[in-house]
Amino acid sequence: MDVFSRETLEEMMAQAVSRSATFTLWPDGEAPGAKNSDAVFTPEPRHTGTSIFDRAVTGVRSPEITVYAPDKPNGVGLLVTPGGSYRRVVLDKEGSALAPFFNARGYTLFVMTYRMPGDGHDEGANAPLADVQRAMRYLRANAQAWKIDPERIGVLGFSAGAHVAASLGTRFAEPACPPIDSLDEINARPAFMALVYPVITMHDDIYHPGSRLELMGAEPDDEQIRHYSLEERTDAATPPTFLLHAIDDPAVKVENSLVFFNALRRSGVPVEMHLFERGKHGFGIRDTQGLPVAVWPELMMNWIATKV
């Protein structure tokens, strides 16, 4: 990937944001099981200082999707689930920053917000899964409006958002909330998964402490741990998967990708994995400049092109 200054990257992000469109995901806005009435959907600075493109949201009750559409769609949609340790959802580092690069290759991006598992919603730890299932079904039902193929929509997740994405890929047929309309009849299985520094497991020695705490509390039992450890949820129906991780990641250990890679292999699922020596955690696109890991968008898009 070409090397850009941070200023140039932010100019590209500003242009992408100015062309984007946002809509709410659930009927009447708020998710049916939404609680936590004191929560407010407010952008707040995170991760990279004072930039206006460091937005994150907390207390989500009304999940939204922001569409970044290319000039020449290639027919492939990417449902993007950004990270945030299951405490927030970042909007730019793992959202709008992707648009200039993926749009240039014709990919239509759908960057979503989702509810947090610890915010007291009716679905509890399954609230993010309910939202991402709804999102995939909504995109399939309305694919023609964005000139994409309903059978060529995959999910791209980062960090805890990659746990959301991988939950969709491994638990797409599992009801996460009561059905409410005809969209619930649509298959929620993504065509593929692309997971970047993913939270995968809840088992000791490998798990990400913040994500596990938000999902299951301070003292989860063995059944909970197995249920939300996604390496234990793969089977032959799990979609083809792309994995990307930095070996020096201090937050989400690289072993998360390794255990998922091995589980996918055992299940006979096509999988490609790229490990980079340096990159740490949360690099997105802006923080890869000058590092070998900066090539990851091209690697991922080249892989996607072979799968859909």
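Residues numbered from 1 in each chain as written. Predicted model: local features only at pLDDT ≥ 70, side-chain atom pairs only at ≥ 80, totals over all residues. Heavy atoms only, no water.

> Is there a simple way to think about the overall build of the protein chain in this case?
From N to C terminus, the protein chain includes eight helices and 10 strands. The globule rule puts the C-alpha radius of gyration for 308 residues at 19 Å, and the 18 Å found for the protein chain is close to it. When the backbone C-alpha atoms are referred to their principal axes, the protein chain occupies close to 45 × 40 × 40 Å. Evaluated residue by residue, the protein chain yields a buried proportion of 57% over its 308 residues. Of all intrachain contacts in the protein chain linking residues separated by at least 6 positions in sequence, the fraction that spans at least 24 positions is 80%. Of the roughly 12,300 Å² that the protein chain leaves accessible, carbon and sulfur atoms contribute 48%. Between the centroid of the 29 positive side chains of the protein chain and the centroid of its 40 negative side chains there is a distance of 4 Å. (Helix = DSSP H or I, 4+ residues; strand = E, 2+ residues; numbered from the N terminus. Rg over C-alpha atoms; globule rule 2.2 N^0.38 Å. Buried < 20%, exposed > 50% of the residue type's maximum accessible area, 1.4 Å probe, protein only. Contact = heavy atoms within 4.5 Å. Areas by Shrake-Rupley, 256 points an atom, 1.4 Å probe, with all protein chains shown as cover. Lys, Arg positive; Asp, Glu negative; His and termini not counted. Charge placed at Lys NZ, Arg CZ, Asp CG, Glu CD.)

> Sorry, what's going on with the packing of helix α3 (residues 127–141) against helix α4 (residues 160–171) here?
A pair of packed helices is captured by two measures, namely the crossing angle of their axes and the spacing between those axes. Here α3 crosses α4 at 70°, and the two axes come no closer than 9 Å. By the angle class used here, α3 and α4 are roughly perpendicular. The residues of α4 that touch α3, namely those facing Pro128, Leu129, Val132, Gln133 and Met136, are Val164, Ser167, Leu168 and Arg171. Here the residues of the contact of α3 with α4 are counted per class, giving six nonpolar, two polar and one charged. (Axes fitted to C-alpha atoms, helices over the stretch in contact; angles between N-to-C directions. Parallel < 35°, antiparallel > 145°, perpendicular 65-115°, else oblique. Nonpolar A, V, L, I, M, F, W, Y, C, P; charged D, E, K, R; others polar.)

> How do you make sense of the nonpolar core when you look at a structure like this?
The nonpolar side chains of a soluble globular protein tend to be buried with one another. By size, the foremost hydrophobic cluster in this structure holds 54 residues, and its most contacted members are Ile65, Leu79, Phe110, Met112, Leu195 and Phe260. Setting aside anything within four residues of it in sequence, one finds methionine 112 in contact with Leu25, Glu64, Ile65, Leu79, Val80, Thr81, Pro82, Val89, Asp131, Val132 and Ala135. Counting 33 residues, the second-largest nonpolar core is a separate cluster that includes Ala16, Ala99, Leu156 and Leu291. (Core = buried A, V, L, I, M, F, W, Y, C linked by side-chain atoms within 4.5 Å.)

> Can you help me understand unusual backbone geometry in this one?
Most peptide bonds are trans, and most residues other than glycine sit at a negative phi. For tyrosine 86, which is not a glycine, the phi torsion comes out positive at approximately 60°. Along the chain, tyrosine 86 falls in the loop between β4 (77–81) and β5 (89–90). Tyrosine 86 sits in the buried class, given a relative accessible area of 2%.

> What's the story with the side chain of histidine 274 in this structure? I'm lost.
You can see histidine 274 is positioned in strand β10 (residues 271–276). Given a relative accessible area of 19%, histidine 274 falls into the buried group. Side-chain polar atoms of histidine 274 contact the side chain of glutamate 272, separated by 2.7 Å. Beyond its immediate chain neighbours, meaning those up to four positions away, histidine 274 contacts Phe242, Leu243, Leu244, His245 and Leu299. (Polar contact = N/O pair within 3.5 Å; in protein donor to acceptor, adjacent residues only side chain to side chain.)

> It is not clear to me how the sheet that holds strand β3 (residues 64–68) should be interpreted in this structure. Could you clarify?
Strand pairing in a sheet relies on backbone hydrogen bonds, with the paired strands running either antiparallel or parallel. Strand order in the open sheet formed by eight strands is β1-β3-β6-β4-β7-β8-β9-β10, and the pairing between neighbours is mixed. If you trace the sheet from one side to the other, it starts and ends with β1 (21–24) and β10, each paired once. Within the sheet, the average angular offset between the axes of one strand and its neighbour, ignoring direction, is 20°. Taken together, the four bridges between β1 and β3 define a ladder with antiparallel strand orientation. Note that in β3 the partner of phenylalanine 23 across the bridge is isoleucine 65. Across the sheet, α4 is in contact with β4, β7 (153–158) and β8 (193–196); its angle to β7 comes to roughly 145°. Contacts from helix α8 (residues 296–305) reach β4, β7, β8, β9 (241–246) and β10, with the element oriented near 165° to β9. (Pairing = 2+ DSSP bridges.)

> What exactly am I supposed to notice about the environment of leucine 78 here?
For leucine 78, the position within the fold is in strand β4. Of the residues examined, leucine 78 reaches a relative accessible area of 0% and is grouped as buried. Setting aside chain neighbours within four positions, we find leucine 78 in contact with Phe102, Tyr107, Thr108, Leu109, Phe110, Gly154, Leu156, Phe192 and Ile304.

> Please explain the UniProt feature "domain: BD-FAE-like" (unreviewed entry) in the protein chain as it appears in this structure.
Per the UniProt annotation, the sites labelled "domain: BD-FAE-like" (unreviewed entry) are residues 102–264. With 34% helix and 13% strand, residues 102–264 has end C-alpha atoms that lie 26 Å from one another. (UniProt positions renumbered as here; feature names shortened; annotations may be inferred.)

> Sorry if this is basic, but what is going on with the side chain of threonine 241 here?
Along the chain, threonine 241 turns up in strand β9. You can call threonine 241 buried: its relative accessible area is 0%. A polar side-chain atom of threonine 241 sits 2.9 Å from the main-chain carbonyl oxygen of proline 239. Those residues in contact with threonine 241 that sit more than four places away from it in its chain are Met193, Leu195, Phe260, Leu264, Pro270, Val271, Glu272 and Trp303.

> Even after reading the chapter, I still don't get a nonpolar patch on the surface, so can you show me in this structure?
On the surface, a cluster of nonpolar side chains totalling about 230 Å² of accessible area is made up of Ile247, Leu258 and Leu275. As for its position among the elements, isoleucine 247 is in the loop between β9 and α7 (255–266). (Patch = residues over 30% accessible without salt bridge, like charges linked within 9 Å, V, L, I, M, F, W, Y side chains within 5 Å. Salt bridge = Lys/Arg side-chain N within 4 Å of Asp/Glu carboxyl O.)

> Even after reading the chapter, I still don't get α8, so can you show me in this structure?
Turn by turn, an α-helix covers 3.6 residues, leaving residues three or four places apart pointing in a common direction. Listing the buried residues of α8 in full gives Trp296, Pro297, Met300, Met301, Trp303 and Ile304. Viewed end-on, α8 has its buried residues packed into an arc of 160°, placing them on one side of the element. Packed against the buried residues of α8 are β4, α2 (99–104), β7, β8, β9 and β10. (Arc of directions from axis to C-beta.)

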